[in-house]
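# Topology and contacts: notes
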Amino acid sequence: MDIIDTYSSALTSYDNSGFSFEQWKKYIDFTLPGLFPILVADVKNVLCTGEFSKEDYLFVLNYVAHNQQQLEVAHNSFLQVTKNLERIIYERFGKGVDVIIVFYLGLCNGAGWVTEYRGKTAILLGMEKILELNWCHINDMYGLIYHELGHVYQKQYGILERDFDKDEDFFLWKLFTEGVAMCFEQIIVGDAEYYHQDKNGWKSWCDDHYEQIKLDFAKDLKTMSYANQRYFGDWVNYNGYGDVGYYFGCRFVRYILSSYDFDEIISFDIDKVKEMFGFHLHLH
């Protein structure tokens, strides 16, 4: 595991008039050689959609320079969450994760996104998006780092990505893999009741409505699509709450872990997941 922290040099991307693309390129080329074309290609793809303009990303980037105290909070959270992380993973799982974790100033590519860099899987944490979304505190950083590490762990030691002909299989697989990542988070944190999404009574509400969530998800699964799914993402709405699929997925995987080891379940195929889902659905 490599952890790259570019906090101390990120603000060299600014001059008296604000964000400077030329200065930013120098900073990226010096601190993260080879990453520049990946970042530029990504942002060009987004700009082509018309959903995000050059003015939008300049506004977000200039926000960083005017909110350095908030940036310091985010950086301190990053340091806290990554401190002794490799050792902790070895202690919990008996093996490491081959990954690069980078704290950097990007072009609004994402608060936390996964790509390939230097021949390894890389988790890129864009400080400008972290500030824009106000994901600066330690719980937010757990979600950005530990959750993605859970996906990387499954990818390296099991099977993360599968192709499906039916949306029903795709969303059940998503429930399972997001649940694996949530449980990975909990194991690293050392708390089986930990959810980084728990704000404003979110977990208590989910606990109280779990049987209904389970039944609704199973019912919705038959016709679930990207357009109508209401379980994955803080922008969707299940009875007034977002991210409910992550809670359900975690509870589902916790149920599976009562019979199997973590390293066993990450190699399950969709048929095994369906079998376990059926058992769990009828458990009260």
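Anyway, here's the lowdown on the structure attached to this text. (Residues numbered from 1 in each chain as written. Predicted model: local features only at pLDDT ≥ 70, side-chain atom pairs only at ≥ 80, totals over all residues. Heavy atoms only, no water.)

The next thing to look at is the overall build of the chain. A count of helices and strands for the chain gives 14 helices and six strands. Taken over the C-alpha trace, the chain has a radius of gyration of 20 Å; the compact-globule value for 284 residues is 19 Å, and the two agree within 12%. When each of the 284 residues of the chain is scored for burial, the buried share is 52%. Contacts in the chain between residues at least 24 apart in sequence constitute 67% of all its contacts with a sequence separation of at least 6. With the model as given, the accessible surface of the chain reaches about 13500 Å², and the carbon-plus-sulfur share is 49%. Counting 25 positive and 42 negative side-chain charges, the chain places the centres of these two groups 2 Å from one another. (Helix = DSSP H or I, 4+ residues; strand = E, 2+ residues; numbered from the N terminus. Rg over C-alpha atoms; globule rule 2.2 N^0.38 Å. Buried < 20%, exposed > 50% of the residue type's maximum accessible area, 1.4 Å probe, protein only. Contact = heavy atoms within 4.5 Å. Areas by Shrake-Rupley, 256 points an atom, 1.4 Å probe, with all protein chains shown as cover. Lys, Arg positive; Asp, Glu negative; His and termini not counted. Charge placed at Lys NZ, Arg CZ, Asp CG, Glu CD.)

Turning our attention to the packing of helix 11 (residues 210–221) against helix 14 (residues 270–281). Contact geometry of helix 11 with helix 14 gives a least axis separation of 11 Å together with a crossing angle of 135°. As far as their axial angle goes, helix 14 and helix 11 are oblique. Once helix 11 is placed against helix 14, the crossing between them reads as left-handed. For the pair helix 11 and helix 14, contact is made by Tyr210, Lys214, Phe217, Ala218 and Leu221 and by Phe277, His280 and Leu281, respectively. Grouping the amino acids of the contact of helix 11 with helix 14 by side-chain chemistry returns six nonpolar, one polar and one charged. (Axes fitted to C-alpha atoms, helices over the stretch in contact; angles between N-to-C directions. Parallel < 35°, antiparallel > 145°, perpendicular 65-115°, else oblique. Left-handed = near helix turned anticlockwise from the far one by under 90°. Nonpolar A, V, L, I, M, F, W, Y, C, P; charged D, E, K, R; others polar.)

The terminal C-alpha atoms of helix 14 lie 16 Å apart, and with twelve residues this matches the ideal 16 Å at 1.5 Å per residue to within 8%. Those residues of helix 14 that sit buried are Ile270, Val273, Met276, Phe277, His280 and Leu281. Angularly, the buried residues of helix 14 cover 135° about the axis, an arc narrow enough to put them on a single face. Buried residues in helix 14 make contact with helix 9 (167–189), helix 11 and helix 12 (244–257). (Expected span 1.5 Å × (residues − 1). Arc of directions from axis to C-beta.)

Turning our eyes to something else, we now look at the nonpolar core. Counting 97 residues, the largest nonpolar core has Ile101, Leu105, Ile145, Leu149, Phe176 and Phe277 as the members making the most contacts within it. Counting residues per element, this core draws most heavily on helix 9, at ten residues. Apart from the residues within four sequence positions on either side, Ile101 is in contact with Met1, Asp2, Ile3, Ile4, Phe78, Leu85, Ile123, Leu125, Ile145 and Leu149. (Core = buried A, V, L, I, M, F, W, Y, C linked by side-chain atoms within 4.5 Å.)

This part is about the side chain of Asp140. Within the fold, Asp140 resides in helix 8 (residues 138–157). The exposure class assigned to Asp140 is buried, which follows from its relative accessible area of 11%. A polar contact is formed between the side chain of Asp140 and the backbone nitrogen of Cys136, at a distance of 3.4 Å. With sequence-adjacent residues up to four places away left out, Asp140 is seen in contact with Asn134, Trp135 and Lys199. (Polar contact = N/O pair within 3.5 Å; in protein donor to acceptor, adjacent residues only side chain to side chain.)

The end-to-end C-alpha distance of helix 5 (residues 68–82), which contains 15 residues, comes to 21 Å, matching closely the 21 Å that a straight helix rising 1.5 Å per residue would cover. For helix 5, the set of buried residues is Gln70, Leu71, Ala74, His75, Ser77, Phe78, Val81 and Thr82. Looking down the long axis of helix 5, one finds its buried residues gathered within 155° of arc, a one-sided arrangement. Structural note: helix 5 exposes Gln69 and Gln80 on the side pointing more than 90 degrees away from its buried face.

Turning our attention to the environment of Gly110. Take Gly110: it is sitting in the loop between strand 4 (99–104) and strand 5 (113–117). According to the relative accessible area criterion, Gly110 is buried, its value standing at 11%. Along the primary structure Gly110 and Lys272 are separated by 162 residues, whereas in three dimensions their C-alpha atoms are 33 Å apart. Excluding residues that lie within four positions of it along the chain, Gly110 makes contacts with Leu124, Leu125, Gly126 and Lys129.

Glancing now at the pairing of strand 4. Within strand 4, six of the six residues are buried, which leaves it mostly tucked inside the rest of the structure. In strand 4, alternate side chains face the same way, and those of Val99, Ile101 and Phe103 on one face and Ile100, Val102 and Tyr104 on the other are all buried. Pairing between strand 1 (residues 2–5) and strand 4: four bridges, direction parallel. When the sheet's bridge partners are listed, Ile4 is paired in strand 4 with Val102. (Pairing = 2+ DSSP bridges.)

Take the side chain of Thr6 next. Secondary-structure assignment places Thr6 in the loop between strand 1 and helix 1 (7–10). A polar contact of 2.8 Å, which involves the side chain of Thr6, links it to the backbone oxygen of Phe103. Those residues in contact with Thr6, other than ones at most four positions away along the chain, are Tyr27, Thr31, Leu32, Phe103, Tyr104, Leu105 and Met127.

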